[in-house]
Structure formats: structure tokens, C-alpha cells
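In case you want the letters, here they are:
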Amino acid sequence: MSLSLIAKSIKPSPTLKLNEKFAILKEKGDPVIHLGGGEPKSKAPMDAMLAAIAHINTGEVRYAPADGIPALKQAIIRYTEEFYERKVRPENVIASSGAKQAIMVALQAILNPQEEVIFPAPYWVSYPDMARLIGAIPVPALPEDGTFYPSIKDITDRVGSYTKVVIINSPNNPTGAMYSEDFIAEVVEFCEKKDLWLIMDDIYHRLIFDGRKPINCYKYAKKLDENSKIILINGVSKQYAMTGYRIGWAVGNKKVIEAMANIQGHQTSGPSVILQKAAVGALNGIQSGVESLRATLENNRNVMISLLNSFEGVRVTKPDGTFYCFADFSAYEKDSNKLSEFLIDKVQVLTVPGKEFGLDGYLRLSYCGSIKDIQEGIERMKWALDPNS
Ligand code: PLP
């Protein structure tokens, strides 16, 4: 079949594929445990549900502005002021169908084919394919010191005449590493000096542990407001456990937001109004759910890490945030696809192969499920991999 070259270059999202596999096995009645997921299990905040229902009850069903309804833009403006101490205006904000679309539309607004986008590795699975969808070139930067914490040199070494944008995701999916304040400051300063765009994917910025505080990238920026080339990404998916509602956003200078709005206007005409209303409810409503989710995840992380430390062949770095840990299983099997398949076949535990994130020999394990699933899942893995211990 004569599909496009771009379509042929794109792989399906491995995490979405895994969710489908989980559903199929579950349907068959298999006692499968999903340690590969990327979503908290809690319900949406009550304020989000009520706001969505209230909107449905109005009977209002018309098109809305492609870049987001005014009430959501106002909620995002307030959020940006609270967490980033930046006063932005509606023309600096776009709401999209998830942070995923916000990042995609941002890349479409700034990248030309053959231009390069640098991001630290291990990286979120979608960044390379998003670049490829535009005909641009993904340039992963694996830290040279073998840690999950890149240095500025890891980034600067990869900059060339085609480099247009750097993406930073901290705390990071899949490693859970929260990059140091010094590193963020250096990246902001470097991108300004080289006139590069900087996409700050802050989707996990409130889900951090051990008393850490979210880092505000604008603190280190000299170019602000309409001169800023920082595009700040966030959304309700992770912090409010609203993954299926598909609302995320970007904050940036007026020109880039206008370009993104034009592109999004032709793609989707904007996210569903019902779901935007739900996001307004979440952002303006009672916030205690975010802290209780964060505290639950911190406890889950502790449980998972102590269980993993009991394996003979696993090396693991304690995550600083998110709900993932990225552990080195290469002592058992260097090919992470094979290992992941083996664990499904042998003990029916779903994990994501590290290869998908740019580092083979590792598995990404999620601790956003129940403690029972974490304990049983890891115990089954131990039984399969360390049968004599
Ligand atoms: N950025 C990162 C690093 C993620 O891990 C995810 C989701 O897994 C997203 C963006 C996309 O979030 P959303 O569900 O809001 O599209």
C-alpha cells in the first residue's frame, strides 16, 4: 500500500499499545498486572465532574475559540502566576487536546523539515516521533556520566547549525529524575544566548518527592514576555488524574501562540468544550487531591524501590518525582523488548521496555497503581528472575 514516507517512519505509541494488550488479557480473564501504565488511578476531582455536567446541562453545543475557551485561559493565567510568578495574557495561552497536542503544535509552529530538536535521554517516547511527523530530526542526548541527570555539556555538544529547539522534561518520564536548578538555569541561559526555542515540558512538576519544590524556569530568563522563546507545557492529565479528558496547554510569546492556534484550528478546531469546562473546574476547585496524589505516589515509590533493591541483578536510582522508575535489568537480559515479553509470558506482568525511551537493558515500571499490584507485580518478577532467592 502506498502510505506516506512519514506514516511509514512512525511507530505506534508503545504505552498505548501496552494498554490495549492489558485490556485484551484482562478480557480473557488472565490475572495480569499492569506496571507499564502512565496514569494515576484516582477519580477526577469532584469540581471537574460537576463543571462538565453543568456545561452539558446548558445544552450549549457550538464551536468555541480554537485556542481555548476564555474561562480556561483565565484559569491557566492564574496557574502560571501561582507556580511561575509570571503575569501572562490570554494571547500568551493555548489550550490543546492534552499536553501531547500542545507539544506537537508547538513543534509544528517552530520546526522546519531537516531542523533538529535536542532532548535529554532517556526521553518520553513521543518526542522522536513528533519530530519525525514534521520531517525534523530528533537528537537524543544521553548523559555521558551514565546517570539520568544531564549536564549542560550533554546538550551543547549536540548543538549544530540545524538545531532549532531543546525540550526539557523534568521531572522526567521515564526516569523520575528531577534535574537540578543549576542545570535548568544553564539551559535557559544557553538557549537564550544561541537564540534557540526551549520547550519546558512541566507536566509532572507538582508530583515531586522528599520535600522538593517545583523549579520555575522563568527565574533564569532575561528575555521575557514577547521576547521569550520559552514554551511552557502543562496540563491536567497527571496532577489531577484526568488523562482521558485530554486537556493540556502551552504558554509562550504571542506570535508563537498565534501560529499554534492557526495550526490547531485546522487540525481540531480546539479541544471539546465539555472537557475544557472540566479542566476549569479542576484548576479553580479544591486542590487537596493533588497533594494526596503526590503523597500516595511518594509512598508507592518507596515501596517499589525497596522491593527492587532486593533483586540480585537490578540497579535502580530512586526517582525524585513522577510515577515511574527506570531500572537496569541488563544483568538478566540486555534486550529490554525480550525481557518485557518474557515477563508477560511467564508471570503476566506488563512493563515498558527501556529501548522505547532510548536506553536498552532497562524497564520502566510505574507505581501509579495500587500498593497490592506493585507488591504482587514485583514479587512475580522476582520469582521469574531470581528463582533461587
Ligand atoms: N509529556 C510527558 C513527559 C508525558 O509523560 C506525557 C504523558 O504521558 C505527556 C507529555 C502528555 O500528556 P497528556 O496526557 O496531557 O497529553
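Residues numbered from 1 in each chain as written. Predicted model: local features only at pLDDT ≥ 70, side-chain atom pairs only at ≥ 80, totals over all residues.

Student: Help me understand the confidence of the model for the chain in this model?
Tutor: Caution applies to low-pLDDT parts of the model: their predicted coordinates are not meant to be read in detail. This prediction gives the chain a mean pLDDT of 95; 100% of its residues lie at or above 70. The complex prediction reports pTM at 0.96, with the ipTM value standing at 0.99. (pLDDT = per-residue confidence, 0-100.)

Student: Please explain the domain arrangement of the chain as it appears in this structure.
Tutor: With domains assigned, the chain is organised as domain 1 (5-44 + 288-384) and domain 2 (46-284). For domain 1 and domain 2, the distance between their C-alpha centres works out to 25 Å. Residue assignment for the side of domain 1 that touches domain 2 shows that the elements contributing at least two residues are helix 1 (5-9), helix 2 (14-27), helix 11 (288-308) and strand 10 (324-328). Looking at which element gives the most residues to the side of domain 1 that touches domain 2, the answer is helix 11, with seven residues. In terms of residue class, the side of domain 1 that touches domain 2 is built from 15 nonpolar, 10 polar and eight charged. (Domains from an automatic or database assignment. Helix = DSSP H or I, 4+ residues; strand = E, 2+ residues; numbered from the N terminus. Nonpolar A, V, L, I, M, F, W, Y, C, P; charged D, E, K, R; others polar.)

Student: Before we go on, may I ask you to explain the pairing of strand 3 (residues 116-120) in this structure?
Tutor: Here is the key point about a regular strand: its side chains alternate between the two faces of the sheet. With four of its five residues buried, strand 3 lies for the most part within the structure. Pairing geometry for strand 3 and strand 4 (residues 137-141), over five bridges, is parallel. Bridge pairing in strand 4 links Val117 to Pro138. Traced from strand 3 through helix 6 (residues 126-133) to strand 4, the parallel crossover comes out right-handed. (Buried ≥ 20, exposed ≤ 12 C-beta atoms within 10 Å, placed from the backbone. Pairing = 2+ DSSP bridges. Right-handed = clockwise from strand over helix to strand, strands pointing away.)

Student: It is not clear to me how the sheet that holds strand 3 should be interpreted in this structure. Could you clarify?
Tutor: Sheets are built from strands paired through backbone hydrogen bonds, the pairs being either parallel or antiparallel. Overall, mixed pairing links the seven strands, which are arranged 2-8-7-6-5-3-4 in an open sheet. Looking at strand neighbours, the two that pair on one side only are strand 2 (93-97) and strand 4, the edges of this open sheet. Strand after strand, the sheet turns through a mean of 20 degrees between neighbouring axes, direction not considered. Sheet strands touched by helix 6: strand 3, strand 4 and strand 5 (163-169). Its angle to strand 4, the strand with the most contacts, is close to 155 degrees. (Axes fitted to C-alpha atoms, helices over the stretch in contact; angles between N-to-C directions. Contact = placed C-beta atoms within 7 Å.)

Student: I keep staring at the sheet that holds strand 13 (residues 362-366) and nothing clicks. Help me out?
Tutor: Reading across from one edge, 9-10-13-12 is the order of the four strands in this open sheet, with antiparallel pairing throughout. This sheet does not close on itself; its edge strands, each paired only once, are strand 9 (315-316) and strand 12 (352-353). When strand 9 meets strand 10, the two strands line up antiparallel, connected through two bridges. Residue pairing in the sheet places Val316 in a bridge with Ala327 of strand 10.

Student: Looking at this model, I keep getting lost on helix 9 (residues 254-267). Mind explaining?
Tutor: Note: α-helices contain 3.6 residues per turn, so residues at a spacing of three or four share the same orientation. End to end, helix 9 covers 20 Å across 14 residues, agreeing with the expected 20 Å (1.5 Å per residue, within 8%). All buried positions along helix 9 are accounted for by Val256, Ile257, Met260, Ala261 and Gln264. In an axial view of helix 9, the angular spread of the buried residues amounts to 140 degrees, which keeps them on one side of the axis. Set apart from the buried face of helix 9 by more than 90 degrees, the exposed residues are Lys255 and His266. Buried residues along helix 9 sit in contact with strand 2, helix 5 (98-110), strand 7 (230-235) and strand 8 (247-251). Where helix 9 ends, the next residue or the one after it, Ser269, has phi of about 60 degrees, a positive value. (Expected span 1.5 Å × (residues − 1). Arc of directions from axis to C-beta.)

Student: Looking at this structure, how should I read unusual backbone geometry?
Tutor: Most peptide bonds take the trans form, and the phi angle of most residues other than glycine is negative. In this structure, the amide linkage connecting Ser170 to the following residue, Pro171, adopts the cis form with an omega of -5 degrees. Along the chain, Pro171 falls in the loop between strand 5 and helix 8 (181-193). Residue Asn173 is joined to Pro174 through a cis peptide bond whose omega torsion reads 25 degrees. When you line up the elements, Pro174 lands in the loop between strand 5 and helix 8. Even without glycine at this site, Glu85 takes up a positive phi of about 50 degrees. Checked against the element boundaries, Glu85 lands in the loop between helix 4 (70-84) and strand 2. Taking the number of C-beta atoms within 10 Å as the measure of exposure, Glu85 has 10 and is therefore exposed.

Student: Help me out: how do you make sense of helix 13 (residues 371-385) in this one?
Tutor: Counted at 1.5 Å a residue, the expected span for helix 13 with its 15 residues is 21 Å, and the 21 Å between its end C-alpha atoms agrees. Those residues of helix 13 lying buried are Ile374, Gly377, Ile378, Met381 and Leu385. One side of helix 13 holds all its buried residues, which, seen down the axis, span an arc of 90 degrees. Along helix 13, the residues that are exposed and aim more than 90 degrees away from the buried face are Lys372 and Trp383.

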